[in-house]
Each structure stands twice: as C-alpha cells, then as structure tokens.
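# Inside the fold
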Amino acid sequence: MLVGGNMHDYDLITILGPTACGKTKLAAAFALACNAEIISADSRQVYRGMDIGTGKDLEDYRVQGKDIPYHVIDIADAGEKYNLFEYQRDFFNAYNDIKSRGVLPVLCGGTGLYIESVLKGYRLLPVPENRQLRQSLAGKTLEELTAILASYKTLHNNTDTDTVKRAIRAIEIEEYYREHDVAERCVPTLHSLIVGIDIDRDERRRRISERLAYRLEHGLVEEVERLLSSGISPDDLIYYGLEYKYVTLYVTGRMDYDEMRASLEVAIHQFAKRQMTWFRGMERRGFHIEWLPWTWSMEHKIEYIKSLMTR
C-alpha cells in the first residue's frame, strides 16, 4: 500500500479507469505538464493495424502542439497472441529506458491484470505450446473446458473462457505453472501513486454508446474487413473479443448489423463493469487508489495529482 512522501519516493504514476473515462487524455496532459512519458497498459493496443477497435486515439498523445512519447503500443502484429509475460518484459524495457533518462514514467490503461502484474512484480514464465495437452482437450465444449480451468484456479472473470481457444490456452498456462517454479523470474515491486478516474455508471454507459456509434460510422467495419483481407483468420480476430469479435461475426455473415451492434454494446458495458470489479479488487489486495471525479476539469485533475505527489 502506498504511503505519503515526496514525488521522488514514487517510481512512477499510474492512471487507470474503465473504458471511455478519459484516462488517456489525462495522462497525456499530465505528461506535458510534468515532462513525463506514457507506458500503455492496454492488452489490445499492442497490435499494429488494430486502431479503431482498440481505441488507440493516438491524437490524444498530441497536446498543445507537442507529441507526448508513448510506449508499448503498436509493437506486435495483428493475429499474434501477445501475453502477460511479454507485456511485463516490454513494460520494464520501456520503464528502465525512461528512468535512465531522468524522466517520470506514467502507466496508463484499463487492463487491470497488466497494471497489477508490473506494480506488484508478478513472477512469470514464458509458457510454450503443449501439443499433447491441446490434443487431449480437442473436441471438448467451452463448458467442459471452463470446468477444467476452474479445477486449477478460482475464475475471477470470464476473459479466459470467452472462446474455446482462450480456455485451452489458459489451461495450458496453468498446467505449466503447476509443473514449473514460477519464482525463477524475479522482477521488482514498484512504488506508484495510483490515480483512478471515478465516472458514474450512467455517464460511463452514455459515453460508451456514443463512442461505439462514432467508431461504427468512422471505419470500424472497414478496419475489420482490412484485417481479414490481410490474411488474419476470423477465429484469430474473434479471439481479441469485443469489437473484433462482434464485427467479425457480422462481416462473415454470422450476425446481422443490428444484432452485432446491440450485442457489442452490451458486451462493452459488461467489460467496463469487469474493469471496475478488478480495480476494486486491487484495493482489497492492498493497492491504494486515489479516485478523481471525472467531472473535474483537466487543470484541476493535474493540479490534484501534483499535490498528491508532494504529500
């Protein structure tokens, strides 16, 4: 848990919150004010060419005519299966580079597992493919795979069981961890000031619906069509969930447009709720999060973060 101190006591600043709360804009404005650089904590923005559906909004990193440096975005090819181990590696590469130049790192995103893995210093191992295990699981239903996964660990959310492919990979990882010493890989525990954007449920829902409408009108379907035409399989796009799952189902004729849009909107609302559940869980696990009302002006938020850094 964080304790008081001056800004030199903090290794980095973390800005988190659910989707559509405005955290990237805040991180960029704060970075400009404090000569900081941003490290993304978003599990899908790592992929090149997946821009609209992941909400990269790269224009947010240009503030008052200045480009704010960002890291761990556009570093993997669409179709790849980027994982938590790779994120932790790439985060620390960026973090060490930023710190070596005497600059303040700002971790910003909504993927709670990624944030927690670097702040708490999860010990992770790269998990190779287990062909024998995969063959033994082939043909099982998603319900059967979910039950198998539940025998390894408590299932706190359903992201591991969105699809058969994800469930098999999650079982593969748990089986590997059961057989290997995870303590082999040691990473530091970081001391971070953690700031969350507290947006009320109705406003969050309104902004999600508004943003989805905008993305559908400004190229989301065309982005998915382009990714598919580049050779990425529908199943690989569906693997990424949310926009890529539902729009792919529409583009490949398995859903009509209205069903796709309605189902996707519900899924994003549910996703935002799961994000908040994760962040509340972080608080129970010992992280102190300073929640800032989303209604505050940008200037007020930045000045308040500065005041927290010097307490």
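Look a little higher up for the structure.
Here's a quick rundown of the structure. (Residues numbered from 1 in each chain as written. Predicted model: local features only at pLDDT ≥ 70, side-chain atom pairs only at ≥ 80, totals over all residues. Heavy atoms only, no water.)

## With respect to helix 6 (residues 164-179)
Condition: By definition, any uninterrupted DSSP run of H or I lasting at least four residues is a helix, any uninterrupted run of E lasting at least two residues is a strand, and each is numbered from the N terminus. A helix is expected to reach a length of 1.5 Å times the quantity of its residues less one. Only protein chains enter the area calculation, which uses a 1.4 Å probe; residues under 20% of their type maximum are buried, those over 50% are exposed, and those in between are partly exposed. Whether two residues touch is decided by their heavy atoms; if any such pair falls within 4.5 Å, the residues are in contact.
Between its first and last C-alpha, helix 6 extends 23 Å over 16 residues, near the 22 Å set by a 1.5 Å rise per residue. All buried positions along helix 6 are accounted for by Arg166, Ala167, Ile168, Arg169, Ala170, Ile171, Glu172, Glu174, Glu175 and Tyr176. Residues of helix 6 that are buried in the fold lie against helix 4 (131-137), helix 5 (142-150) and helix 9 (234-239).

## Re the sheet that holds strand 9 (residues 192-198)
Stated precisely, the cut-off is as follows: A pair of strands is treated as paired once DSSP finds two or more bridges between them.
Within the open sheet, the six strands sit side by side as 6-2-8-1-9-10. Their pairing is parallel. Looking along the sheet, the strands with just one partner apiece sit at the ends: strand 6 (70-71) and strand 10 (289-293). Strand direction decides the pairing type here: strand 1 (residues 12-16) and strand 8 (residues 104-109), joined by four bridges, are parallel. Counterpart to isoleucine 15 in the pairing with strand 8 is cysteine 108.

## Details of the pairing of strand 1
Summarising burial for strand 1: five of the five residues are buried, a large majority. Across the two faces of strand 1 the burial is the same, with Leu12, Thr14 and Leu16 and Ile13 and Ile15 all buried. Strand direction decides the pairing type here: strand 1 and strand 9, joined by five bridges, are parallel. The partner of leucine 16 across the bridge, within strand 9, is glycine 196.

## Digging into the environment of histidine 71
Locating histidine 71 in the fold gives a position in strand 6. In this structure, the C-alpha to C-alpha distance between histidine 71 and alanine 94, residues 23 residues apart in sequence, is 6.5 Å.

## Digging into helix 3 (residues 112-119)
Within helix 3, seven of the eight residues are buried, leaving the element largely enclosed by the surrounding structure. At its buried positions, helix 3 is contacted by strand 1, strand 2 (36-41), helix 2 (84-100), strand 8, strand 9 and helix 11 (257-284). Positioned one or two residues after helix 3, glycine 121 has a phi angle of 75°, which is positive.

## As for the nonpolar core
Generally speaking, a soluble globular protein has its nonpolar side chains buried in company with each other. The criterion, for reference: Put simply, a nonpolar core is a bunch of buried Ala, Val, Leu, Ile, Met, Phe, Trp, Tyr and Cys residues held in one set by side-chain atoms that sit within 4.5 Å of each other.
Counting 61 residues, the largest nonpolar core has Ile39, Tyr87, Phe91, Leu107 and Phe279 as the members making the most contacts within it. Element by element, the count of residues in this core is highest for helix 11, at nine residues. If near-sequence neighbours (up to four positions away) are discounted, isoleucine 39 is found in contact with His71, Val72, Tyr87, Phe91, Ala94, Tyr95, Ile98, Pro105, Val106, Leu107 and Cys108. By size, the runner-up hydrophobic cluster in this structure holds 28 residues, among which are Ala27, Ile68, Leu104 and Met309.

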